[in-house]
Amino acid sequence: MQVKKNPSADLNKNSGLYFVIGLTLVLFLTWRALEFKSYPKQDKIVEMLNVVEDLKEDVPITEQIKTPPPPPPPSAPEIIEIVEDAAEIEETVIESTESSQDQVVEAVVEVDDVEVGEEEEEISVPFAIIENVPIFPGCESAKGNAERKACFQEKIQEHIKKEFRYPQIAAEMGIQGRVFVQFAINSKGVIDGIRTRGPDPGLEKEAARIVASLPKMTPGMQRGRAVTVPYSIPVNFKLASQ
């Protein structure tokens with residue numbers, strides 16, 4: 001007869017599970033032992049500050065000075081005495097210095113002959129419609145009004161290029177733009193009434209300086225009479241791209 005073992009009495013049934021649990025516990029305890037750290041204890045210093053809650057300050061007692069009241073105004077006298085004037089006053093008669101209608105005043109007024117000249121009124125004629133435009137120095141040989149206009153504009157451009165200087169401050173700050181300059185060539189051929197409008201005062205000042213340095217010209221003529229000719233031109237300030 002074969003002997004059969006009871007399954008509950010088998011000791012090797014759960015040996016693998018117990019091995020895993022034991023290995024896990026050993027590894028956990030080993031990890032905690034490696035991670036364990038101890039810190040030195042620091043002595044704590046406790047400072048206490050005694051603060052007085054109520055601060056009582058003795059207020060000095062000041063003495064109040066009493067000023068005496070002002071004296072009462074003097075009372076008016078009860079009896080008013082009337083004094084009669086004993087001395088006689090002579091009246092002074094003031095005679096009028098105005099002359100009467102009966103008196104005749106003779107006056108001689110000498111008037112020198114004064115010549116009054118007629119003041120010539122300044123006439124302004126636009127550049128586009130004037131009969132004879134102002135002649136820029138160097139354009140005397142141009143024939144006809146159209147050639148003189150073209151020569152005038154060409155000489156103006158040459159003058160601007162010659163006298164042009166970019167303001168240093170505007171160049172350092174990168175300021176650029178177009179300045180419109182309005183001026184007039186008066187009846188004597190001189191530049192007058194310069195006005196500028198632009199993006200920066202420094203550029204406007206430089207444009208005005210260039211126009212003010214224009215030479216004296218032969219004035220424009222309208223019906224045989226020298227007149228003022230207004231003119232406008234743009235001056236373009238542009239920095240060279242780097």
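Report follows, based on the coordinates. Everything numeric here is computed off the predicted structure, so don't read it as measured data. (Residues numbered from 1 in each chain as written. Predicted model: local features only at pLDDT ≥ 70, side-chain atom pairs only at ≥ 80, totals over all residues. Heavy atoms only, no water.)

1. A word on the overall build of the protein
Here comes step 1: Helix and strand content of the protein: 4 helices and 5 strands.
Here comes step 2: Beginning at the N terminus, the succession of helices and strands in the protein can be written as α-α-α-β-β-α-β-β-β.
Here comes step 3: Counting only carbon and sulfur atoms, one obtains 54% of the accessible surface of the protein, whose full area is about 22800 Å². (Helix = DSSP H or I, 4+ residues; strand = E, 2+ residues; numbered from the N terminus. Areas by Shrake-Rupley, 256 points an atom, 1.4 Å probe, with all protein chains shown as cover.)

2. Some remarks on the pattern of salt bridges
Here comes step 1: All chains considered together, the criterion is met by 1 salt bridge.
Here comes step 2: Arg-209 is the partner of Glu-206 in a salt bridge, and the nearest nitrogen-oxygen pair spans 2.7 Å. Of the two residues, Glu-206 and Arg-209 are both situated in helix α4 (residues 201–212); the distance of 3 residues between them amounts to about one turn of the helix.
Here comes step 3: When its relative accessible area of 11% is taken as the criterion, Glu-206 is described as buried.
Here comes step 4: Looking at Arg-209, the relative accessible area reads 31%, which means it is partly exposed. (Salt bridge = Lys/Arg side-chain N within 4 Å of Asp/Glu carboxyl O. Buried < 20%, exposed > 50% of the residue type's maximum accessible area, 1.4 Å probe, protein only.)

3. A short note on the environment of Ile-135
Here comes step 1: Here Ile-135 is to be found in the loop between α1 (15–35) and α2 (144–163).
Here comes step 2: For the pair Ile-135 and Lys-216, spaced 81 residues apart in sequence, the C-alpha separation works out to 9.4 Å.
Here comes step 3: In this structure, Ile-135 is in contact with Glu-140, Arg-148, Met-217 and Thr-218, ignoring residues within four places of it in sequence. (Contact = heavy atoms within 4.5 Å.)

4. Comments concerning the pairing of strand β5 (residues 229–237)
Here comes step 1: In β5, alternate side chains face the same way, and those of Val-229, Tyr-231, Ile-233, Val-235 and Phe-237 are buried while those of Pro-230, Ser-232, Pro-234 and Asn-236 on the opposite face are not.
Here comes step 2: Here 9 bridges tie strand β1 (residues 177–185) to β5, and the two strands are oriented antiparallel to one another. Among the inter-strand pairings, Val-181 is bridged to a residue of β5, identified as Ile-233. (Pairing = 2+ DSSP bridges.)

5. As for the state of the cysteines
Here comes step 1: The full count for this structure, using the stated rule, is 1 disulfide.
Here comes step 2: Through a disulfide, Cys-139 is tied to Cys-151; the S-S separation comes to 1.9 Å. Every disulfide takes its handedness from the sign of the S-S torsion; for Cys-139 and Cys-151 that torsion is -80 degrees, giving left-handed. Here Cys-139 is found in the loop between α1 and α2, whereas its partner Cys-151 is found in helix α2, with 12 residues between them in sequence. (Disulfide = S-S within 2.5 Å.)

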